[in-house]
Amino acid sequence: MILDKIVVISLSLLLITLLTIRYIKRYAPENIVIVPIMTLLLSIYIPFAIYNVTIPLYLQIVILTFGVIVPSFCVTLQYNNIILSRKILYYSMKYNYRIGEYQKTIDIITKLVSLEGRRAEYLYMLGQCYKSIGDFINSRDSFALAVEFDNKDYKSYYELGRALDETNKKDSAIIMFNNALRLKADFYEAQEALGICLTSRGDFEGAVKVYRKALRYHPDSYELYYNIAMIESELGNYEEAILAFEEAGKLKNDLYTAFYSLGKLYISEGRYEEAIEALKKILNSTTYGPKGYYTLAIIYAKQGEYEIAMSTLEYAMELDSKYISKADEEYTFNPFREDIEKYKKSKEKAKIKEFQKNDFMEQSFKIFKLKEKGAEEEEEIEEMQHHA
C-alpha cells in the first residue's frame, strides 16, 4: 500500500514538472489550468497518504483521473507534438474520404494545409478527391505538387501519369509511370498503365517487355498474359501469342475471349483438334457461345465432317440469327448448302405458323369481345323494356 502511494505521488510530481517545463519552453496555455488542478489534488492526497487515512472511493477516482491519467495523456500529446484538434481534423478527413464525401474532404484538407502547411499525403488525397468529382485539372496539379514535396511518393507519380495519359501527354506519362516503378518495382497498376500507354503509342515490343517484367512479380495475373498474347498476335508472333493465351486460360477458366482468340490462332496454324478443344470452353457463354458454335462448324466443314458441321451451325443460327446471313457468305459450307437452305425454309415456315397462330388468337379475342358487347346491349334493351 505504501509503495502504491509513493508511486502515485512520484508520478504526479513528475507529470507536474514535465507540464511546467513544457509551458515555459513552448507555450501550452492548457497547462496553466492542468498544473494547478494537479497540485491541488496532490496536496489533498499527500496528508491521506502520510497519516494512512482511507481515501473515499470517489476521491480516489478523481485523483487518479485528473492527477495521473489525464496529465499523462497531455504529456504524451505535447511531447510528441500532437495537437488534438488537428488529429481530429486528420481522422475526419480520412473518414469523409472513405465514405465518399469528397467536397467535405477537400474543405478539411484546406483547413489542415492552412494549419500545418502542404504535405504530400494531403496533396495526394486532394488529387484523388478532385479526380472523383471530375475536376481533372486540379487533380493533376495536386499530384504534381505531391511529388514535388515528396519525390518518393510512388502513388502520386502513378496518378500524375494517368492524368497526363488521359490528356494525351504520353511521353510525360511514361516518365511518371517509370518513376513510380523505380520506387516500387512490383506496383501492378503502374506496370499495367505503362504497358497500355506504350501500346497506344505503337511501341508494342516495349509494352511486351513491361508486361513480361511485371510477370516476375505477379505470375498469377491472367490480365498480363492476355495483354501479352494480344500484342504478340498483332506482331505476328503466333506461337508466343498461343502460349500466352494458354497461360491466361489456365489462370482463369472462364476467360472466354482468350479461348476464342486461342481457337482462331489454332485454326490459322491448322491445329484443328486443339482449336476444337479451345472453342468448346466458350460454348456456355452468352456472348461467345454463338461465335464458338459458328467457328466450330467451319472447322468441322474443313475436316469434311458435314453432318456435325450442319448440326453445330444450327446451334449458332438458333442462338443468333445473324449467323444465317453469315452462313450464306461462307464458302466452306458449300458442300451442304442445300441443308442450310432447308433449315432457312423450315424457319420461315415456323415464322408463318407463329404469325398465323398469333393472328388467329387476335381475331378470336376480337370476336369474343364483340359477342360480349352484344350480350351487354341485349341486357340493357331488356332492362329498358321491363321498366317501360
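Numbers given for residues are sequential positions, taken from 1 along each chain in its written order. Restriction of local features to residues with pLDDT of at least 70 applies here, the model being predicted, together with a cutoff of 80 or more for giving and counting side-chain atom pairs; totals for whole chains, interfaces and linings are based on all residues. Remark: hydrogens and water are excluded; side-chain values derive from all non-hydrogen atoms of the structure.

K.L.:
Where do I start with the packing of helix α13 (residues 238-251) against helix α14 (residues 256-268) in this structure?
P.N.:
Relative orientation and spacing of two packed helices are given, respectively, by the angle between their axes and the distance between those axes. The interhelical angle for the contact between α13 and α14, taken along N-to-C directions, is 150°, at an axis separation of 9 Å. One element, α13, and the other, α14, form an angle in the roughly antiparallel class. Where α13 crosses over α14, the handedness of that crossing is left-handed. Together, Tyr-238, Ala-241, Ile-242, Phe-245, Glu-246 and Gly-249 of α13 and Ala-258, Phe-259, Ser-261, Leu-262, Leu-265 and Tyr-266 of α14 make up the contact between the two elements. Taken together, the residues of the contact of α13 with α14 break down into 9 nonpolar, 2 polar and 1 charged. All axes here are fitted lines through C-alpha atoms, helices being fitted over the stretch that makes contact, and every angle between N-to-C directions spans 0 to 180 degrees. In this description a helix means any DSSP run of H or I spanning at least four residues, a strand means any run of E spanning at least two, and both kinds are numbered starting from the N terminus. Any angle that falls under 35 degrees is termed roughly parallel, while one over 145 is termed roughly antiparallel, one within 65 to 115 roughly perpendicular, and all others oblique. By convention, the crossing between two helices is left-handed when the near helix turns anticlockwise from the far helix through less than a right angle, and right-handed when the turn is clockwise. Working rule for contacts: check all heavy atoms of both residues, and any pair within 4.5 Å makes them a contact. Note on residue categories: nonpolar means Ala, Val, Leu, Ile, Met, Phe, Trp, Tyr, Cys or Pro, charged means Asp, Glu, Lys or Arg, and polar means any other residue, Gly included.

K.L.:
How do you make sense of the packing of aromatic side chains when you look at a structure like this?
P.N.:
Within a pair of aromatic rings, the relevant descriptors are the distance that separates the centres and the angle that separates the planes. Ring pairs shown here join Phe, Tyr and Trp side chains whose ring centres sit within 6.5 Å, with only the six-membered ring taken for Trp; geometry is labelled stacked below 30 degrees between planes, edge-to-face above 60, and tilted in between. Taken as a whole, this structure holds 14 aromatic pairs when the rule is applied. With centroids separated by 5.1 Å and ring planes inclined at 20°, the aromatic side chains of Tyr-293 and Tyr-315 adopt a geometry described as stacked. With Tyr-293 in helix α16 (residues 289-302) and Tyr-315 in helix α17 (residues 306-319), this pair connects stretches of sequence that are 22 residues apart. Sitting over the ring of Tyr-260, Lys-291 keeps its end group 5.4 Å from the ring centre. Each ring is checked for a lysine NZ or an arginine CZ that lies within 6 Å of its centre and within 35 degrees of its normal; such an atom marks a charge sitting over the ring.

K.L.:
Mind showing me how you'd approach the environment of Ile-9 here?
P.N.:
With respect to the helices and strands, the residue Ile-9 is situated in helix α1 (residues 2-25). Here the alpha-carbon distance between Ile-9 and Tyr-45, two residues 36 residues apart in the chain, equals 8.2 Å. Beyond its immediate stretch of four places on either side in the chain, Ile-9 contacts Leu-42, Tyr-45, Ile-46 and Ala-49.

K.L.:
Please clarify how the nonpolar core should be interpreted in this entry.
P.N.:
In summary, soluble globular proteins display a tendency toward joint burial of nonpolar side chains. By size, the foremost hydrophobic cluster in this structure holds 70 residues, and its most contacted members are Leu-313, Phe-333 and Phe-336. Per-element accounting of this core gives the leading share, 8 residues, to α16. Those residues in contact with Phe-333, other than ones at most four positions away along the chain, are Tyr-294, Ala-297, Ile-298, Ala-301, Leu-313, Ala-327 and Ile-340. To form a nonpolar core, buried Ala, Val, Leu, Ile, Met, Phe, Trp, Tyr and Cys residues must be joined to one another through side-chain atoms within 4.5 Å. Three labels apply to residues, based on accessible area from a 1.4 Å probe with only protein chains included: buried if under 20% of the type maximum, exposed if over 50%, partly exposed otherwise in between. Ile-16, Ile-55, Ile-63 and Val-75 belong to the second largest nonpolar core, which has 18 residues in total.

K.L.:
I tried to follow the side chain of Glu-232 on my own but got confused; where do I start?
P.N.:
In this fold, Glu-232 is placed in helix α12 (residues 222-235). Look past the residues within four positions of Glu-232 in its chain and what remains in contact with it is Val-208, Arg-212, Asn-237, Glu-240 and Ala-241.

K.L.:
Got a minute to help me understand the packing of α16 against α17 in this structure?
P.N.:
Where α16 meets α17, the closest approach of the two axes is 8 Å, and the angle between their N-to-C directions is 160°. One element, α16, and the other, α17, form an angle in the roughly antiparallel class. α17 is crossed by α16, and the crossing has left-handed handedness. Contact residues: Pro-290, Tyr-293, Tyr-294, Leu-296, Ala-297, Tyr-300 and Ala-301 in α16; Tyr-306, Ile-308, Ala-309, Thr-312, Leu-313, Tyr-315, Ala-316 and Leu-319 in α17. Grouping the constituent residues of the contact of α16 with α17 by class yields 14 nonpolar, 1 polar and no charged.

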